[in-house]
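Chain by chain, the residues:
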Amino acid sequence: MATLEWDGLRCEPLLCSVDEELPDALHAAAVYGGLQQSSFDEVMAGYETCLVQLLRIPGGNQ
């Protein structure tokens, strides 16, 4: 949906997840519908995780 970028670093929150229980999860997601749409709360948590990673200053106190 969006790619976040800060100081040359990029992060892309995802709107779906892959069923990791499948033997070859990425292939299975494409072929057998192994993708699962994330809930609103999961998507927002993904955005928060990306922002925290992007805004973390190496060696800083954040």
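Let me begin by describing the structure that accompanies this report. Since the structure is predicted, the reported quantities are computational estimates derived from the model, not experimental observations.

About the criteria used
Numbering of residues starts from 1 in each chain and follows the order in which that chain's sequence is written. Selection of residues for local features in this predicted model requires a pLDDT of at least 70, selection of side-chain atom pairs for listing and counting requires 80 or more, and totals for whole chains, interfaces and linings are taken over all residues. Side-chain metrics rest on all non-hydrogen atoms present in the structure, leaving aside hydrogens and water. By convention in this document, the label disulfide applies to cysteine sulfur atom pairs within 2.5 Å. Strands are runs of DSSP state E lasting at least 2 residues, helices are runs of H or I lasting at least 4, and numbering of each runs from the N terminus. Note on classification: 1.4 Å probe, protein chains only; a residue is buried when its accessible area is under 20% of the maximum for its type, exposed when over 50%, partly exposed between these limits.

1. Quick notes on the state of the cysteines
Scanning the model with the defined rule gives one disulfide in all. The residue that forms a disulfide with C11 is C50, at a sulfur-sulfur distance of 2.1 Å. Disulfide C11 to C50: torsion about the S-S bond roughly -55 degrees, handedness left-handed. Here C11 is found in strand 2 (residues 9-11), whereas its partner C50 is found in helix 2 (residues 40-55), with 39 residues between them in sequence. By relative accessible area, which is 13% here, C11 ends up buried. Residue classification places C50 among the buried residues on the basis of a relative accessible area of 5%.

2. Here's the deal with unusual backbone geometry
Located in the positive-phi region is D7, a residue other than glycine, with phi close to 50 degrees. Among the secondary structure elements, D7 is positioned in the loop between strand 1 (4-6) and strand 2. By relative accessible area, which is 72% here, D7 ends up exposed.

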